[in-house]
Amino acid sequence: DVKVTQSSRYLVKRTGEKVFLECVQDMDHENMFWYRQDPGLGLRLIYFSYDVKMKEKGDIPEGYSVSREKKERFSLILESASTNQTSMYLCASQRNEKLFFGSGTQLSVL
Amino acid sequence: QKEVEQNSGPLSVPEGAIASLNCTYSDRGSQSFFWYRQYSGKSPELIMFIYSNGDKEDGRFTAQLNKASQYVSLLIRDSQPSDSATYLCAVNGDNFNKFYFGSGTKLNVKP
(Lines give C-alpha, C1' and ligand atoms only; values in the text may rest on other atoms or scores of the structure.)
Protein backbone atom coordinates (compact mmCIF):
# COMPACT_ATOMS: atom_id res chain seq x y z
CA ASP A 1 0.00 0.00 0.00
CA VAL A 2 1.07 3.53 -0.74
CA LYS A 3 1.96 5.47 2.36
CA VAL A 4 1.96 9.28 2.51
CA THR A 5 3.06 10.53 5.89
CA GLN A 6 2.59 14.04 7.22
CA SER A 7 4.79 14.88 10.15
CA SER A 8 2.19 16.46 12.43
CA ARG A 9 -1.53 15.89 12.91
CA TYR A 10 -2.08 19.13 14.84
CA LEU A 11 0.02 22.28 14.99
CA VAL A 12 -0.53 25.56 16.82
CA LYS A 13 1.61 28.51 15.79
CA ARG A 14 1.75 32.24 16.44
CA THR A 15 1.22 34.95 13.85
CA GLY A 16 4.50 35.76 12.12
CA GLU A 17 6.17 32.42 12.84
CA LYS A 18 7.82 30.44 10.06
CA VAL A 19 6.08 27.10 9.73
CA PHE A 20 7.27 23.91 8.04
CA LEU A 21 4.87 21.15 7.06
CA GLU A 22 6.59 17.95 6.01
CA CYS A 23 5.31 15.18 3.76
CA VAL A 24 7.00 11.91 2.84
CA GLN A 25 5.84 9.24 0.38
CA ASP A 26 7.28 5.77 0.04
CA MET A 27 6.35 4.85 -3.54
CA ASP A 28 8.83 6.78 -5.65
CA HIS A 29 6.04 8.91 -7.14
CA GLU A 30 7.16 11.88 -9.21
CA ASN A 31 4.16 14.12 -8.59
CA MET A 32 3.35 15.50 -5.17
CA PHE A 33 0.81 18.11 -4.09
CA TRP A 34 -0.13 20.40 -1.25
CA TYR A 35 -3.80 21.26 -0.77
CA ARG A 36 -5.65 23.14 1.91
CA GLN A 37 -9.18 22.18 2.87
CA ASP A 38 -11.62 24.68 4.35
CA PRO A 39 -15.32 24.16 5.11
CA GLY A 40 -17.45 25.05 2.12
CA LEU A 41 -14.44 25.63 -0.12
CA GLY A 42 -13.28 22.09 -0.75
CA LEU A 43 -9.67 21.29 -1.54
CA ARG A 44 -7.63 24.06 -3.10
CA LEU A 45 -4.25 23.45 -4.68
CA ILE A 46 -1.39 25.45 -3.20
CA TYR A 47 1.63 24.00 -5.02
CA PHE A 48 2.64 20.86 -6.77
CA SER A 49 5.95 19.32 -7.74
CA TYR A 50 6.59 17.00 -10.68
CA ASP A 51 10.19 16.15 -9.89
CA VAL A 52 13.02 16.95 -7.51
CA LYS A 53 13.58 20.71 -7.35
CA MET A 54 10.68 21.25 -9.79
CA LYS A 55 7.53 23.03 -8.65
CA GLU A 56 4.51 24.84 -10.00
CA LYS A 57 2.11 27.22 -8.36
CA GLY A 58 -1.40 26.07 -7.80
CA ASP A 59 -4.44 28.26 -7.39
CA ILE A 60 -3.59 29.83 -4.02
CA PRO A 61 0.22 30.04 -3.67
CA GLU A 62 0.35 33.43 -1.96
CA GLY A 63 2.01 33.27 1.43
CA TYR A 64 3.43 29.80 0.79
CA SER A 65 6.57 28.29 -0.65
CA VAL A 66 7.69 24.69 -1.15
CA SER A 67 10.84 22.64 -1.20
CA ARG A 68 11.57 19.32 -2.83
CA GLU A 69 15.20 18.34 -2.37
CA LYS A 70 14.54 14.59 -2.44
CA LYS A 71 11.95 12.70 -4.43
CA GLU A 72 10.19 11.27 -1.42
CA ARG A 73 9.87 14.52 0.54
CA PHE A 74 7.79 17.61 -0.24
CA SER A 75 7.72 20.44 2.26
CA LEU A 76 5.29 23.34 2.54
CA ILE A 77 6.62 26.52 4.12
CA LEU A 78 4.64 29.39 5.55
CA GLU A 79 7.20 32.17 5.65
CA SER A 80 5.21 34.33 8.09
CA ALA A 81 2.10 32.61 9.33
CA SER A 82 -1.14 34.57 9.41
CA THR A 83 -4.52 33.78 10.95
CA ASN A 84 -6.10 33.27 7.51
CA GLN A 85 -3.75 30.33 7.03
CA THR A 86 -5.54 28.40 9.75
CA SER A 87 -6.71 25.34 7.85
CA MET A 88 -6.39 21.61 7.23
CA TYR A 89 -3.38 20.94 5.02
CA LEU A 90 -3.33 17.78 2.93
CA CYS A 91 -0.34 16.39 1.08
CA ALA A 92 -0.83 13.95 -1.79
CA SER A 93 1.26 11.93 -4.20
CA GLN A 94 0.09 10.69 -7.57
CA ARG A 95 0.29 7.38 -9.37
CA ASN A 96 -1.36 7.46 -12.81
CA GLU A 97 -4.74 9.15 -12.24
CA LYS A 98 -4.96 8.38 -8.55
CA LEU A 99 -4.08 10.73 -5.71
CA PHE A 100 -2.97 9.26 -2.39
CA PHE A 101 -3.46 11.59 0.53
CA GLY A 102 -1.69 11.89 3.83
CA SER A 103 -3.71 12.07 7.03
CA GLY A 104 -3.56 15.86 7.08
CA THR A 105 -2.22 18.56 9.39
CA GLN A 106 -4.70 20.81 11.18
CA LEU A 107 -2.84 24.09 11.56
CA SER A 108 -4.09 26.81 13.87
CA VAL A 109 -2.44 30.22 13.70
CA LEU A 110 -3.17 32.37 16.73
CA GLN B 1 -10.45 29.34 -12.03
CA LYS B 2 -12.03 26.07 -13.03
CA GLU B 3 -15.17 25.40 -11.02
CA VAL B 4 -16.58 22.17 -9.72
CA GLU B 5 -19.96 22.51 -8.07
CA GLN B 6 -21.64 20.14 -5.65
CA ASN B 7 -24.64 20.42 -3.38
CA SER B 8 -23.22 20.49 0.14
CA GLY B 9 -26.10 18.48 1.57
CA PRO B 10 -26.52 16.76 3.86
CA LEU B 11 -28.22 14.16 1.75
CA SER B 12 -30.11 11.71 3.94
CA VAL B 13 -31.21 8.32 2.66
CA PRO B 14 -32.51 5.23 4.47
CA GLU B 15 -30.40 2.10 4.59
CA GLY B 16 -30.87 0.02 1.44
CA ALA B 17 -31.92 2.97 -0.74
CA ILE B 18 -30.06 4.45 -3.72
CA ALA B 19 -28.04 7.57 -2.97
CA SER B 20 -27.52 9.92 -5.91
CA LEU B 21 -24.72 12.49 -5.74
CA ASN B 22 -24.29 15.13 -8.42
CA CYS B 23 -21.53 17.36 -9.68
CA THR B 24 -21.21 19.95 -12.44
CA TYR B 25 -18.01 21.42 -13.83
CA SER B 26 -17.23 24.54 -15.80
CA ASP B 27 -14.28 23.56 -17.99
CA ARG B 28 -15.35 21.81 -21.20
CA GLY B 29 -11.75 20.70 -21.66
CA SER B 30 -11.89 18.47 -18.59
CA GLN B 31 -10.82 14.95 -19.45
CA SER B 32 -11.05 12.84 -16.32
CA PHE B 33 -13.54 12.73 -13.48
CA PHE B 34 -13.16 11.32 -10.01
CA TRP B 35 -15.13 10.59 -6.90
CA TYR B 36 -13.36 10.61 -3.54
CA ARG B 37 -14.89 9.57 -0.24
CA GLN B 38 -13.84 11.36 2.94
CA TYR B 39 -14.87 10.08 6.34
CA SER B 40 -15.04 12.64 9.13
CA GLY B 41 -11.54 13.43 10.38
CA LYS B 42 -9.90 11.36 7.66
CA SER B 43 -8.27 12.10 4.33
CA PRO B 44 -9.97 11.55 0.94
CA GLU B 45 -9.71 8.20 -0.80
CA LEU B 46 -10.48 7.49 -4.44
CA ILE B 47 -13.52 5.29 -5.06
CA MET B 48 -14.29 5.81 -8.77
CA PHE B 49 -12.96 7.50 -11.87
CA ILE B 50 -14.49 7.84 -15.33
CA TYR B 51 -13.24 9.19 -18.66
CA SER B 52 -15.94 8.42 -21.20
CA ASN B 53 -19.56 9.40 -21.53
CA GLY B 54 -21.94 6.86 -20.05
CA ASP B 55 -21.88 4.68 -16.99
CA LYS B 56 -19.11 2.89 -15.15
CA GLU B 57 -20.00 0.36 -12.50
CA ASP B 58 -17.91 -0.98 -9.63
CA GLY B 59 -19.79 -3.06 -7.11
CA ARG B 60 -22.49 -0.92 -5.50
CA PHE B 61 -21.10 2.25 -7.09
CA THR B 62 -21.94 3.64 -10.53
CA ALA B 63 -20.35 6.77 -11.97
CA GLN B 64 -22.22 8.52 -14.76
CA LEU B 65 -20.72 11.11 -17.10
CA ASN B 66 -22.42 13.46 -19.53
CA LYS B 67 -19.83 15.73 -21.13
CA ALA B 68 -22.37 17.64 -23.21
CA SER B 69 -24.16 18.70 -20.02
CA GLN B 70 -20.88 18.94 -18.04
CA TYR B 71 -22.36 16.72 -15.41
CA VAL B 72 -21.04 13.74 -13.47
CA SER B 73 -22.88 11.74 -10.85
CA LEU B 74 -22.29 8.92 -8.41
CA LEU B 75 -24.98 6.39 -7.56
CA ILE B 76 -24.62 4.21 -4.48
CA ARG B 77 -26.97 1.23 -4.50
CA ASP B 78 -28.09 -0.55 -1.34
CA SER B 79 -26.70 2.28 0.79
CA GLN B 80 -25.18 1.26 4.11
CA PRO B 81 -24.54 3.32 7.26
CA SER B 82 -20.82 2.81 6.53
CA ASP B 83 -21.31 4.87 3.34
CA SER B 84 -21.99 7.94 5.50
CA ALA B 85 -19.23 10.33 4.53
CA THR B 86 -18.51 13.40 2.44
CA TYR B 87 -18.13 12.67 -1.28
CA LEU B 88 -15.81 14.91 -3.26
CA CYS B 89 -16.05 15.31 -7.01
CA ALA B 90 -12.80 16.12 -8.81
CA VAL B 91 -11.88 16.83 -12.42
CA ASN B 92 -8.70 17.39 -14.32
CA GLY B 93 -8.20 18.97 -17.67
CA ASP B 94 -5.55 19.29 -20.27
CA ASN B 95 -2.91 19.49 -17.56
CA PHE B 96 -3.01 15.99 -16.19
CA ASN B 97 -1.30 17.08 -13.01
CA LYS B 98 -3.98 19.50 -11.88
CA PHE B 99 -7.07 18.27 -10.10
CA TYR B 100 -9.95 20.57 -9.20
CA PHE B 101 -12.19 19.55 -6.34
CA GLY B 102 -15.74 20.41 -5.43
CA SER B 103 -16.57 21.26 -1.83
CA GLY B 104 -18.22 17.88 -1.29
CA THR B 105 -21.66 16.47 -0.51
CA LYS B 106 -22.26 15.03 2.93
CA LEU B 107 -24.21 11.76 2.82
CA ASN B 108 -26.03 10.34 5.84
CA VAL B 109 -27.36 6.81 5.57
CA LYS B 110 -29.87 6.13 8.32
CA PRO B 111 -30.19 2.59 9.71
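Residues numbered from 1 in each chain as written. Chains lettered and ligands numbered in written order. Predicted model: local features only at pLDDT ≥ 70, side-chain atom pairs only at ≥ 80, totals over all residues. Heavy atoms only, no water.

Concerning the overall build of chain B
What chain B contains, in helices and strands, is zero helices and eleven strands. Written out in order from the N terminus, the α and β elements of chain B read β-β-β-β-β-β-β-β-β-β-β. Computed over its C-alpha atoms, the radius of gyration of chain B comes to 13 Å, within 12% of the 13 Å expected for a compact globule of 111 residues. In terms of overall dimensions, chain B has C-alpha extents of about 40 × 30 × 20 Å along its principal axes. For chain B, the proportion of contacts with a sequence separation of at least 24, taken over those separated by at least 6, is 54%. Accessible surface, chain B as shown: approximately 5200 Å² in total, 46% of it carbon and sulfur. (Helix = DSSP H or I, 4+ residues; strand = E, 2+ residues; numbered from the N terminus. Rg over C-alpha atoms; globule rule 2.2 N^0.38 Å. Contact = heavy atoms within 4.5 Å. Areas by Shrake-Rupley, 256 points an atom, 1.4 Å probe, with all protein chains shown as cover.)

Some thoughts on the pattern of salt bridges
Tallying each qualifying case throughout the model produces nine salt bridges over all chains. In this structure, the salt-bridge partner of R44 of chain A is D38 of chain A, at a minimum N-O distance of 2.8 Å. The partly exposed category is assigned to R44 of chain A, whose relative accessible area is 25%. A relative accessible area of 12% places D38 of chain A in the buried class. The closest approach of N and O atoms between R37 of chain B and E45 of chain B, which form a salt bridge, is 3.1 Å. Note on R37 of chain B: relative accessible area 14%, which makes it buried. One network of salt bridges, with partners in common, ties together R36, D38 and R44 of chain A. (Salt bridge = Lys/Arg side-chain N within 4 Å of Asp/Glu carboxyl O. Buried < 20%, exposed > 50% of the residue type's maximum accessible area, 1.4 Å probe, protein only.)

Let's talk about the nonpolar core
Judged by nonpolar contacts, the single largest core of 24 residues is most densely connected at W35, V72, L74, I76 and Y87 of chain B. Residue assignment for this core shows that the elements contributing at least two residues are β3 (19–25), β4 (32–38), β5 (45–50), β7 (61–66), β8 (71–76), β9 (85–92) and β11 (105–110) of chain B. Once residues lying within four places of it in the same chain are set aside, the contact partners of I76 of chain B are A17, I18, A19, L21, R60, F61, D83, Y87 and L107 of chain B. One finds I60, A81, C91 and L107 of chain A within the second-largest nonpolar core, a separate group that totals 22 residues. (Core = buried A, V, L, I, M, F, W, Y, C linked by side-chain atoms within 4.5 Å.)

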